[in-house]
Amino acid sequence: MMKSRLFLSLSLIGCVSMVSCFPIPGDKPTQRTKPSSQATITSEEQQQIEAQREMIRERELAKQQEAEKLKQPSSGSTQGQTTTQKPNLPTSDYPFANPVPGKTGFVFSPYNNKMVDVRDIPSGTLVRDPTYPEADKKFFRVP
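Remember, predicted model here, so these are calculated numbers, not experimental data.

### Here we look at unusual backbone geometry
The backbone of Asn113 sits at a positive phi, close to 60°, despite the residue not being glycine. Inspection of the secondary structure puts Asn113 in the loop between β2 (106-108) and β3 (115-117). One non-glycine residue, Asp120, lies in positive phi territory at about 65°. Relative to the elements of secondary structure, Asp120 occurs in the loop between β3 and β4 (126-128).

### Comments concerning the sheet that holds β3
Spatial ordering of the open sheet is given by β1-β2-β3, a layout of 3 strands whose pairing is antiparallel. Strands at the two margins of the open sheet, each flanked by one partner only, are β1 (98-99) and β3. Bridge analysis of β1 against β2 gives 2 bridges, and the strand direction is antiparallel. In the sheet register, Asn98 faces β2, and the bridge partner there is Phe108.

### So, the environment of Leu126
Mapping Leu126 onto the fold places it in strand β4. C-alpha separation for the pair Leu126 and Val142, spaced 16 residues apart in sequence, amounts to 6.7 Å. Excluding anything up to four places from it in sequence, Leu126 contacts Tyr94, Phe139, Phe140 and Arg141.

### Concerning the packing of aromatic side chains
Evaluated as defined, the whole model comprises 2 aromatic pairs. Taken together, a centroid distance of 5.9 Å and an interplanar angle of 70° make the contact between Tyr94 and Phe139 edge-to-face. Separated by 45 residues along the polypeptide, Tyr94 in the loop between α2 (44-71) and β1 and Phe139 in strand β5 (residues 139-141) bring together distant segments of the chain. Tyr94 sits in the partly exposed class, given a relative accessible area of 31%.

About the criteria used
Residues numbered from 1 in each chain as written. Predicted model: local features only at pLDDT ≥ 70, side-chain atom pairs only at ≥ 80, totals over all residues. Heavy atoms only, no water. Helix = DSSP H or I, 4+ residues; strand = E, 2+ residues; numbered from the N terminus. Pairing = 2+ DSSP bridges. Contact = heavy atoms within 4.5 Å. Phe/Tyr/Trp six-rings, centres within 6.5 Å; stacked < 30°, edge-to-face > 60°. Buried < 20%, exposed > 50% of the residue type's maximum accessible area, 1.4 Å probe, protein only.

By themselves, these figures tell us nothing about what the structure is for.
Next up, the structure:
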């Protein structure tokens, strides 16, 4: 008697779970669509994150434009003039840290991806990573 009840209850549970997997006839499946790029951002935190991303894009665009200006040869050179050399740029430039979304003044270290406080430090400044000892000399630039 006990075995038959157990068998009956297990088969009933199996049937219910199988039926719940099938769609209801006449019910249309919902299609998920990608959010459009023109979708409005609702929360203030999301707006701040988007503003930070836009600032980073603008900085990188400005850096690319400056690099293109340095690559272009000066026009109007005449004979007898000597060409000037490019300024001595550091041969091994340090990586930039990544900003923490939603937390101004904090960045992720490019070496170990830990959060570092860089409030009141100007953009582009070379900073030593505080998570490493001074002997390792891990430096990065503030974005």
